[in-house]
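Residues per chain are reported as follows:
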Amino acid sequence: MKQKIGITCYPTVGGSGVVATELGKLLAEKGYEIHFISTSLPFRLNKTYPNIFYHEVEVNQYEVFQYPPYSLTLASKMAEVIEREELDILHVHYAVPHAVCALLAKDMVHRDVKVVTTLHGTDITVLGHDPSLRGIIRYAIDRSDKVTAVSKALASQTKEMLHISKPIETIYNFIDERVYRPHYLKSELKEAYEIKEDEKVIIHISNFRPVKRVIDVVEAFSVLQKNCNSKLLMIGDGPERNKSLKRAEELGIKDYVLFLGNQKNIVDYLNIADLMFLLSEKESFGLAALEAMACGVPVIGTNTGGIPEVIVDNQTGYICSVGDVKAAGESGARLLKNKQLYEAFSYASQQRVEKVFASSLIVEYYEAVYNEA
Ligand code: GMT
């Protein structure tokens, strides 16, 4: 019989929530019983599945607490669901607080549930530097039955930073290839945005946090734009949006940069794009790059975290140093102007997704982890 699996993630927009939800959906399609335990319905859970259940964690504010007790409420809900639904596995995304909550829940119940923790980055690359949290992150990793990380870079960084000897298995992000593929609706959507037929489309998709270096994206585009007739689509929203808009004004390229905010049908935008910029200073994997590559869009990325494990330099895109906007812009323009080279990169991008990041492969890796646990 297939295991019963509880999944906890941040259900709002974000790569980790996407990976957790898509994994739950694919496991459900393979016959597993899946129980999402989170504060709201994961946003990608957009279809009905008879074997997917959702257990809401209701975090209340009490006068006696200065802060709402999210972690305690979650641990308590996890314990309740483990016992009532007879879960075999709790797969939690993020070491803090989710793995800590899962370990607490495991301790509360009379059932040998196994805890599988997936590290997505921020818990290590940001929180791991905080001396007040290092101990609890190390505890969460050491006590989990199995730990996975979304890139080799993240796995080794975690081991080094936190002095962890426990094996951390790398399982890459994946995409649903039924959704992320070339659609060829280029001309209609381009027209809707008044992008001319011969103009190239550069795309950036992120949450506009400072680590994403969206100002670099605008600056790199400004270099590219000098050599190649093009427009930049900035998709997403976050703290650096206004600064990047201001930078576009300063550089005199405001009319060529379209800030579209958060969008649902990302695949449609990827299908009018010719090139993606992902110029982060920290990025444990870069799911947005993978989604672009699946649609045949080469990516220019930075030499940081897991990005070089996704983009093969000089084959599916280019890798440049963090902050080197000149190299990013110039290599982008060169690629877009060489039709033959561009087509080879586009094809190689799709091939790489099929061979290395296919959802069927990645789901099997997670199943093996569950069985080992
Ligand atoms: O990129 C973000 O800021 C969102 C973050 C998240 O928690 O969803 O994404 C992280 O997890 C994704 C899924 O594993 C990775 O593809 C992203 O690279 C990673 N983000 C960072 O490391 C900054």
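The coordinates are above.
Small disclaimer: the values here were computed from a predicted structure and weren't measured.

Asker: Report on the sheet that holds strand 2 (residues 33-38), specifying residues and quantitative values.
Answerer: The seven strands lie next to each other as 3-2-1-4-5-6-7, forming an open sheet whose pairing is parallel. Edge positions in the open sheet fall to strand 3 (52-56) and strand 7 (169-170), since each of these has one partner strand only. The sheet contact formed by strand 6 (residues 146-149) and strand 7 spans two bridges and is parallel. In the strand pairing of strand 7, Thr 148 is matched with Glu 169. Here helix 15 (residues 359-372) sits on the sheet in contact with strand 1 (4-8), strand 4 (89-93), strand 5 (114-119), strand 6 and strand 7, set at roughly 160° to strand 6.

Asker: Describe the pattern of salt bridges, and please don't skip the residues or the numbers.
Answerer: On inspection of all chains with the given rule, the structure shows 26 salt bridges. A salt bridge links Glu 80 to Lys 77, with the shortest nitrogen-to-oxygen separation between them at 3.4 Å. Taken as a pair, Glu 80 and Lys 77 lie in helix 2 (residues 70-85) at a separation of three residues, close to a single helical turn. Note that Arg 84 and Glu 80 form a salt bridge whose closest N and O atoms lie 2.9 Å from each other. One end of the pair, Arg 84, and the other, Glu 80, are both in helix 2, four residues apart, so they sit about a helical turn from each other. We classify Glu 80 as partly exposed; its relative accessible area is 37%. Salt bridges linked by common partners bring Glu 22, Lys 25, Arg 44 and Glu 291 together as one network.

Asker: Could you give an account of the nonpolar core, with specific residues and numbers?
Answerer: The biggest cluster of nonpolar side chains holds 98 residues, and the ones touching the most others in it are Ile 34, Met 78, Leu 119, Ile 203, Leu 233, Leu 270 and Met 276. Looking at this core element by element, the count peaks at eight residues for helix 3 (residues 95-108). When neighbours within four sequence positions are excluded, Met 276 is seen to be in contact with Ile 203, Ile 205, Leu 270, Ala 288, Ala 289, Ala 292, Val 297, Pro 298, Val 299 and Ile 300. With 28 residues, the next largest nonpolar core counts Ile 202, Phe 208, Val 218 and Phe 259 among its residues.

Asker: I'd like a rundown of the sheet that holds strand 12 (residues 299-302), residues and numbers included.
Answerer: Within a beta sheet, neighbouring strands are joined by backbone hydrogen bonds and run either parallel or antiparallel to one another. Taking strand neighbours across the sheet as the criterion, the six strands line up as 10-9-8-11-12-13 in an open arrangement whose pairing is parallel. Only two strands of the sheet have a single neighbouring strand rather than two, namely strand 10 (257-261) and strand 13 (317-320). On average, each strand axis in the sheet is tilted by 20° relative to the strand beside it, whichever way the strands run. In terms of strand pairing, strand 12 meets strand 13 through four bridges, oriented parallel. Residue pairing across strands places Thr 302 opposite Cys 320, the latter belonging to strand 13. Of the strands in this sheet, strand 8 (200-205), strand 11 (275-278) and strand 12 touch helix 11 (residues 287-294), which is tilted by about 170° from strand 11.

Asker: Could you give me a rundown of the packing of helix 2 against helix 3, with the residues and numbers involved?
Answerer: Helix-helix packing: each pair is described by the crossing angle between the helix axes and the interaxial distance. With their axes 8 Å apart at the nearest point, helix 2 and helix 3 run at an angle of 45° to one another. Between helix 2 and helix 3, the crossing angle belongs to the class labelled oblique. Crossing handedness for the pair helix 2 and helix 3: right-handed. Each of Tyr 70, Ser 71, Leu 72, Leu 74, Ala 75, Ser 76, Met 78, Ala 79 and Ile 82 in helix 2 lies in contact with helix 3, whose residues at this interface are Pro 97, His 98, Cys 101, Ala 102, Leu 104, Ala 105 and Met 108.

Asker: Residues and numbers for helix 15, please.
Answerer: Because each turn of an α-helix spans 3.6 residues, side chains separated by three or four positions in sequence point in the same direction. Here helix 15 is 14 residues long and its end C-alpha atoms lie 20 Å apart, about the 20 Å a rise of 1.5 Å per residue gives. When helix 15 is considered as a whole, its buried residues turn out to be Ser 359, Ile 362, Val 363, Tyr 366, Glu 367, Val 369 and Tyr 370. What you see down the axis of helix 15 is that its buried residues fit within an arc of 155°, all on one side. Facing away from the buried side of helix 15, by more than 90 degrees, are the exposed residues Asn 371 and Glu 372.

Asker: Hey, could you go over the pairing of strand 8 for me, with residue numbers and the actual values?
Answerer: Looking along a regular strand, one sees side chains alternate from face to face of the sheet. For strand 8, the tally of buried residues reaches five of six residues, placing the bulk of the element in the interior. Across six bridges, strand 8 lies against strand 9 (residues 230-235) in parallel orientation. Opposite Ile 205, over in strand 9, you have Ile 235 as the bridge partner. A crossover links strand 8 with its parallel partner strand 9, the connecting element being helix 8 (residues 214-227), and its sense is right-handed. Direction of pairing for strand 8 relative to strand 11: parallel, over a ladder of two bridges. Counted as the bridge partner of Ile 202 is Leu 275 from strand 11.

Analysis parameters
- Residues numbered from 1 in each chain as written.
- Predicted model: local features only at pLDDT ≥ 70, side-chain atom pairs only at ≥ 80, totals over all residues.
- Heavy atoms only, no water.
- Pairing = 2+ DSSP bridges.
- Helix = DSSP H or I, 4+ residues; strand = E, 2+ residues; numbered from the N terminus.
- Contact = heavy atoms within 4.5 Å.
- Axes fitted to C-alpha atoms, helices over the stretch in contact; angles between N-to-C directions.
- Salt bridge = Lys/Arg side-chain N within 4 Å of Asp/Glu carboxyl O.
- Buried < 20%, exposed > 50% of the residue type's maximum accessible area, 1.4 Å probe, protein only.
- Core = buried A, V, L, I, M, F, W, Y, C linked by side-chain atoms within 4.5 Å.
- Parallel < 35°, antiparallel > 145°, perpendicular 65-115°, else oblique.
- Left-handed = near helix turned anticlockwise from the far one by under 90°.
- Expected span 1.5 Å × (residues − 1).
- Arc of directions from axis to C-beta.
- Right-handed = clockwise from strand over helix to strand, strands pointing away.

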